[in-house]
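# Breakdown of the fold
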Amino acid sequence: MDGYGFLDLLLFSLKAGASGKKRLILRFGDSALYRQILRILQEAKRRSGLLRDVRQLTLIRGISCYAAPDAFTRKWSSIIRMEEDSSVKIHALSRSAAALEDGIPWGVRHIQAPEAWSITTGHNVRVGVIDTGVDYNHPDLQNSISRGINLIYRSVPPHDDNGHGTHIAGTIAAANRLHGMIGVAPRATIHPVKAFDQNGTAFVSDIILGLDWCVRNRMHIVNMSFGMQNRSKSLQQAVQSAIRAGVAVVASSGNDGRSSEIDYPARYGQTIAVGAINKQGRVASFTNRSSLIDIYAPGDKIVSAWIGGKYREMSGTSMATSHVSGAIALLIAYKPGLTHEQIKELLQTSGKPLKSSKAPHQVGELNVLRLLSAADKLY
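A brief look at the structure comes next. Nothing here was measured: the structure is a model prediction, and the numbers come from that model.

Rules used throughout
- Residues numbered from 1 in each chain as written.
- Predicted model: local features only at pLDDT ≥ 70, side-chain atom pairs only at ≥ 80, totals over all residues.
- Heavy atoms only, no water.
- Helix = DSSP H or I, 4+ residues; strand = E, 2+ residues; numbered from the N terminus.
- Rg over C-alpha atoms; globule rule 2.2 N^0.38 Å.
- Contact = heavy atoms within 4.5 Å.
- Polar contact = N/O pair within 3.5 Å; in protein donor to acceptor, adjacent residues only side chain to side chain.
- Patch = residues over 30% accessible without salt bridge, like charges linked within 9 Å, V, L, I, M, F, W, Y side chains within 5 Å.
- Areas by Shrake-Rupley, 256 points an atom, 1.4 Å probe, with all protein chains shown as cover.
- Salt bridge = Lys/Arg side-chain N within 4 Å of Asp/Glu carboxyl O.
- Lys, Arg positive; Asp, Glu negative; His and termini not counted.
- Charge placed at Lys NZ, Arg CZ, Asp CG, Glu CD.
- Pairing = 2+ DSSP bridges.
- Axes fitted to C-alpha atoms, helices over the stretch in contact; angles between N-to-C directions.
- Left-handed = near helix turned anticlockwise from the far one by under 90°.
- Nonpolar A, V, L, I, M, F, W, Y, C, P; charged D, E, K, R; others polar.
- Core = buried A, V, L, I, M, F, W, Y, C linked by side-chain atoms within 4.5 Å.
- Buried < 20%, exposed > 50% of the residue type's maximum accessible area, 1.4 Å probe, protein only.

## Digging into the overall build of the protein chain
When helices and strands are tallied, the protein chain shows nine helices and 19 strands. A compact globule built from 379 residues should have a C-alpha radius of gyration of about 21 Å, and the protein chain, at 21 Å, falls within 12% of that. Its C-alpha atoms give the protein chain principal-axis dimensions of roughly 60 × 40 × 35 Å. Of the contacts formed within the protein chain by residues at least 6 apart in sequence, a portion of 77% connects residues at least 24 apart.

See below:
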């Protein structure tokens, strides 16, 4: 069966009524067939409005579309891997207005980032933040943000209409020493990838497109402060592809307080999975935890940047993940060329012992000085 046969099948499914249709991701095992399908789709889109919302997911050799699953279950089952395009939510709990009492928030101090700034500030390290966008006009972020992409409204910049993405960006790389806050890696560069809407919701296909953008634009780090409980093989393949391309992928474990399992994509063995601690250095009650956690970091009552040039206090493993992404930016600027696997190993071996007995003993909390020292010894 060739690409034209697939196009006929796709068009037939798209023409069907709304009943039975779902958001789908279709992956193709044959690279030659996939290239043919993309070429045919590009030509056919000029003639048929039905194909307007079919998106190519080149990172996983797939497409996303809104169609009836039954159309692809028999004839193409040996060639196409199909799954539902599931929804994904950002990982944050409470949020409240907050004044910035100290230019260096407690989490940044707790991991000893300021003590490392004399030797590394994250200069020239590119961090892709797949989230709700960013407030480009926030005074603490104006020197920290570069080009990104809006995957929801392609014609406009990735402006934040939720606040979560701005909060994450602030912890990673805010740089307003005189009048605002300082993030973990104040000279790193944030590239906002808006995949989540104003309600903090995205689809797996949006995340895959975001990872693809990060790979093509040579990000060093991708921050993924979101998750879901069902496994997506398509997203796992995208994460693996990004890691093979040299990107360090950092993901939050989730906020359901589960003690034996964590959310995807943190649950994939390849990612750097992050749990949260509180101000007392104990594992936060809300954090999901399991043996798959690689590192814990401050995630409780974190004050950071917010839309409208403001600040908010938020809690969640999202906040912990942004501390880890910032620390990795410091590490990469200090030791360029480290692979994702080497970074993960350094985080695991350099962790400061936890006060809580609820986490596996081999897992510790993030400490930047210990991380850099470990890198000196091993690389």
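## Notes on the environment of Asn 176
One can find Asn 176 in the loop between helix H4 (164–173) and strand S9 (189–194). Sequence separation between Asn 176 and Pro 186 is 10 residues, and the spatial gap between their C-alpha atoms is 8.5 Å. Leaving out residues up to four positions away in the same chain, Asn 176 has contacts with Pro 139, Asp 140, Met 181 and Ile 182. In terms of polar contacts, Asn 176 uses its side chain to reach the backbone amide nitrogen of His 179, at 3.4 Å.

## Side note on a positive patch on the surface
A surface patch of positive charge is lined by Arg 282, Lys 352, Lys 355, Arg 370 and Lys 377. Tracing the sequence through the fold places Lys 377 in helix H9 (residues 368–378).

## Notes on the sheet that holds strand S16 (residues 302–306)
An order of S6-S17-S16 is seen for the three strands of this open sheet, with the pairing classed as antiparallel. Looking at strand neighbours, the two that pair on one side only are strand S6 (95–97) and S16, the edges of this open sheet. Strand-to-strand, the axes of this sheet are offset by a mean angle of 35 degrees, without reference to chain direction. As paired elements, S16 and strand S17 (residues 310–314) share five bridges and run antiparallel to each other. Within S17, the residue paired with Ala 305 across the bridge is Tyr 311. Across the face of the sheet, H4 comes into contact with S16 and S17 while running at roughly 115 degrees to S16.

## Focus: the packing of H4 against helix H7 (residues 317–334)
At their nearest, the axes of H4 and H7 sit 8 Å apart, and the two run at 35 degrees to each other. Taken as a pair, H4 and H7 cross one another with a handedness that is right-handed. Contact with H4, carried on its side by His 164, His 167, Ile 168, Thr 171 and Ile 172, involves Ser 318, Met 319, Ser 322, His 323, Ser 325 and Gly 326 of H7 and no other residues of that element. For the contact of H4 with H7, the class distribution of residues is three nonpolar, eight polar and no charged.

## Let's talk about the side chain of Ser 144
As for its placement among the helices and strands, Ser 144 is situated in the loop between strand S7 (126–131) and strand S8 (149–150). With near-sequence residues (within four places) excluded, Ser 144 lies in contact with Ala 173, Ala 174, Ala 175, Pro 186, Ala 188, Thr 189 and Ile 190.

## Observations regarding unusual backbone geometry
The omega torsion of the bond from Tyr 264 to Pro 265 falls at 5 degrees, within 30 degrees of zero and hence cis. Here Pro 265 is to be found in the loop between strand S13 (248–252) and strand S14 (272–277). The phi torsion at Arg 61 lies on the positive side, around 55 degrees, for a residue other than glycine. Structurally, Arg 61 can be placed in the loop between strand S2 (55–57) and strand S3 (62–67). We note that Gln 112 has phi near 65 degrees; this positive angle belongs to a residue other than glycine. Counting through the fold element by element, Gln 112 comes out in the loop between helix H3 (106–110) and S7.

## Digging into the sheet that holds strand S10 (residues 201–203)
Within the open sheet, the three strands sit side by side as S10-S5-S12. Their pairing is antiparallel. Both edges of this open sheet fall to S10 and strand S12 (226–227), since each of them pairs with a single strand only. Bridge count between strand S5 (residues 87–90) and S12: two bridges; the pairing is antiparallel. Note that in S12 the partner of Lys 89 across the bridge is Gly 227. The sheet strands contacting helix H5 (residues 204–216) are S5, S10 and S12, and the helix crosses S10 at an angle near 80 degrees.

## What about the nonpolar core?
Note on soluble globular proteins: their nonpolar side chains tend to be buried together. Residues Val 127, Ile 221, Val 324, Ile 328 and Ile 343 are the most contacted members of the largest nonpolar core, which totals 59 residues. Looking at this core, the element that brings in the most residues is H7, giving nine residues. Look past the residues within four positions of Ile 221 in its chain and what remains in contact with it is Val 125, Arg 126, Val 127, Gly 128, Val 247, Ala 248, Val 250, Ser 325, Ile 328, Ala 329 and Ile 332.

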